[in-house]
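# A structural walkthrough
Here's the letter readout for the chains.
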Amino acid sequence: MKLAHELAEAIKAHGPLPVADYMARCNAHYYASHDPFGTKGDFITAPEISQIFGELIGAWLANLALPRAMLCELGPGRGTLMKDALRATRKGFHESLASVRLIETSPLLRRRQQETLKGMHPSLEWRETLEGLPPMPLLLIANEFFDALPVEQYVSEGHRETQRRVGHDGSGFRFTPEGSVTREASPESLEMVKRIASHIAQFGGAALIIDYGYHTPLPLQGQEESKDTLQAVKRHAYASPLGHPGEADLTAHVDFSALARAAQAAGAYAHGPVAQGTFLKRLGAELRAAALCKNAKAEQRDAILSGLERLVAPQAMGELFKVLAVTHEPGAPAGF
Ligand code: SAH
């Protein structure tokens, strides 16, 4: 509970923290001290559910047939997606990649990625930020990365909108001011997309951004509805976002419309978002599952099919998760 203590002291000294600062500090601590994935962790992501996910993304990237590019992944987690993508693609594609760059802030997860990706490509490199991309086409993947970036939240007080902050009342953390959230924004996400899109506009390439989120302004039902999408997940269950600072994964829904507009404003083309289920099926997820089943024992077959179902079924990840592509060329890429 060291972070909780530090945050309480900082609030005592300097006053309540904007929600975005609170989220950034909590997640930096969380990812630096936890391997959050899998049944023993706090949550599970698509590449950890089925190899088909990374394999199809690998095929999507290779299909672009760029003569030379840098392949880059934001927040690679355990490195599983990249491993499956590289395993499923041919030597010719690997040779076209000047390097494979993994952007990861957590030293713990970076070590994990190094183990997973050992020998998968002759030029693997790790960075903490996207800065300093070489002047060449960029192939970029981000799965469940943008949902972890900090969001600002706004609350209306009379006719004024004020930033929602996190205070401490002596017994615990509290949002201040009280009242429902009228707007959320993630300037850090927009900055990141602008950087990616302007690089692609200038040097070529494409990016795939996969996450859970929305692409019409919230709320969908009515004006009174809160637009608060901040949530905490711990041991596969929802928890209070203020209850376990640095010990639970804090995320917010990704505003895909805002990301698409930012990409276009930076001079690239944006496609989608399309539902993850639709995207994976268009890339042949069912055929791939059938091929894997052919050589599998009965119980492996069940695991392959239930993995596929979790990725594509609308009641599982198929609809809530969405895929946005950012490209240099105007034509819609595969799956869109
Ligand atoms: N893409 C992975 C992991 C998603 S979890 C998967 O699908 O399984 C989020 C990942 O982003 C973690 O690896 C986390 O350490 C990393 N991360 C979070 N915030 C980051 C930031 N600001 N910069 C770089 N990496 C970050």
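Conventions adopted
- Each chain carries its own residue numbering, running from 1 in the written order of its sequence.
- Reporting in this predicted model follows two pLDDT cut-offs: at least 70 for local features of residues, and 80 or more for side-chain atom pairs to be given and counted; totals over whole chains, interfaces and linings ignore these cut-offs and use all residues.
- To obtain the side-chain values, all non-hydrogen atoms of the structure were included, while hydrogens and water were left out.
- Here, a salt bridge means any side-chain nitrogen of Lys or Arg that lies within 4 Å of a carboxyl oxygen of Asp or Glu.
- Under the DSSP-based scheme used, a helix requires at least four consecutive residues in state H or I and a strand at least two consecutive residues in state E, with every element numbered from the N terminus.
- Relative accessibility decides the category of a residue: with a 1.4 Å probe and only protein chains considered, values under 20% of the type maximum give buried, values over 50% give exposed, and everything between is partly exposed.
- Any residue with a heavy atom positioned within 4 Å of a molecule or strand is treated as near that molecule or strand.
- The Shrake-Rupley method, run with a 1.4 Å probe sphere, supplies the accessible areas, and residue values consider only the shown protein chains as cover.
- Only protein atoms enter the 1 Å grid used here, on which a cavity is any set of points holding a 1.4 Å probe that cannot leave and a pocket is any open set flanked by protein within 12 Å on both sides along at least five of seven lines; residues with an atom within 4 Å of a point are listed as lining.
- Should more than half of a molecule's atoms lie within 2 Å of a pocket's or cavity's grid points, that molecule is taken to sit in it.
- Throughout, the ten residues Ala, Val, Leu, Ile, Met, Phe, Trp, Tyr, Cys and Pro are labelled nonpolar, Asp, Glu, Lys and Arg are labelled charged, and all others, Gly among them, are labelled polar.
- By convention, a stacked pair of Phe, Tyr or Trp rings (six-membered ring in the case of Trp) has centres within 6.5 Å and planes under 30 degrees apart, an edge-to-face pair has planes over 60 apart, and any other such pair is tilted.
- Sitting over a ring, as applied to charges here, requires NZ of Lys or CZ of Arg to be within 6 Å of the ring centre and within 35 degrees of the ring normal.

Okay, the pattern of salt bridges next. Throughout the structure, instances matching the rule amount to 19 salt bridges. Where E125 meets R101, a salt bridge forms, and the shortest distance between an N and an O atom there is 2.7 Å. Here R101 lies in strand β3 (residues 97–103) and E125 lies in strand β4 (residues 124–127), a separation of 24 residues in the sequence. Accessibility assignment for this pair places E125 and R101 in one class, buried. Measuring nitrogen to oxygen at the nearest pair gives 3.7 Å for the salt bridge that ties E191 to K194. With E191 and K194 both in helix α8 (residues 187–203) and three residues apart, the pair spans about one turn of that helix. Judged by relative accessible area, which is 46%, E191 ranks as partly exposed. Residue class for K194 comes out partly exposed when judged on its relative accessible area of 38%.

With that settled, consider the site of the ligand. Close contacts around the ligand come from 17 residues, with T45, G75, G77, E104 and N143 the closest. Surface burial for the ligand is 93%, taken as the share of its 570 Å² of free accessible area covered by protein chains. One can see that the ligand is located within the largest pocket. Grouping the constituent residues of the shell around the ligand by class yields eight nonpolar, six polar and three charged.

What follows concerns the packing of aromatic side chains. Taken as a whole, this structure holds six aromatic pairs when the rule is applied. Seen in terms of ring centroids, F145 and F146 are 5.4 Å apart; in terms of plane orientation they differ by 85°. Their pairing is edge-to-face. Neither residue differs from the other here; F145 and F146 are each classed as buried. Between F279 and F336 the ring centres are 5.4 Å apart and the planes differ by 55°, which places this aromatic pair in the tilted class. Separated by 57 residues along the polypeptide, F279 in helix α10 (residues 276–282) and F336 in the segment after β17 (321–327) bring together distant segments of the chain. The class of F336 is partly exposed, set by a relative accessible area of 22%. Across the ring face of F175, the terminal group of R164 is positioned such that the distance to the ring centre comes to 3.5 Å. A cation sits over an aromatic face here: R183 above Y154, 4.2 Å from the ring centre.

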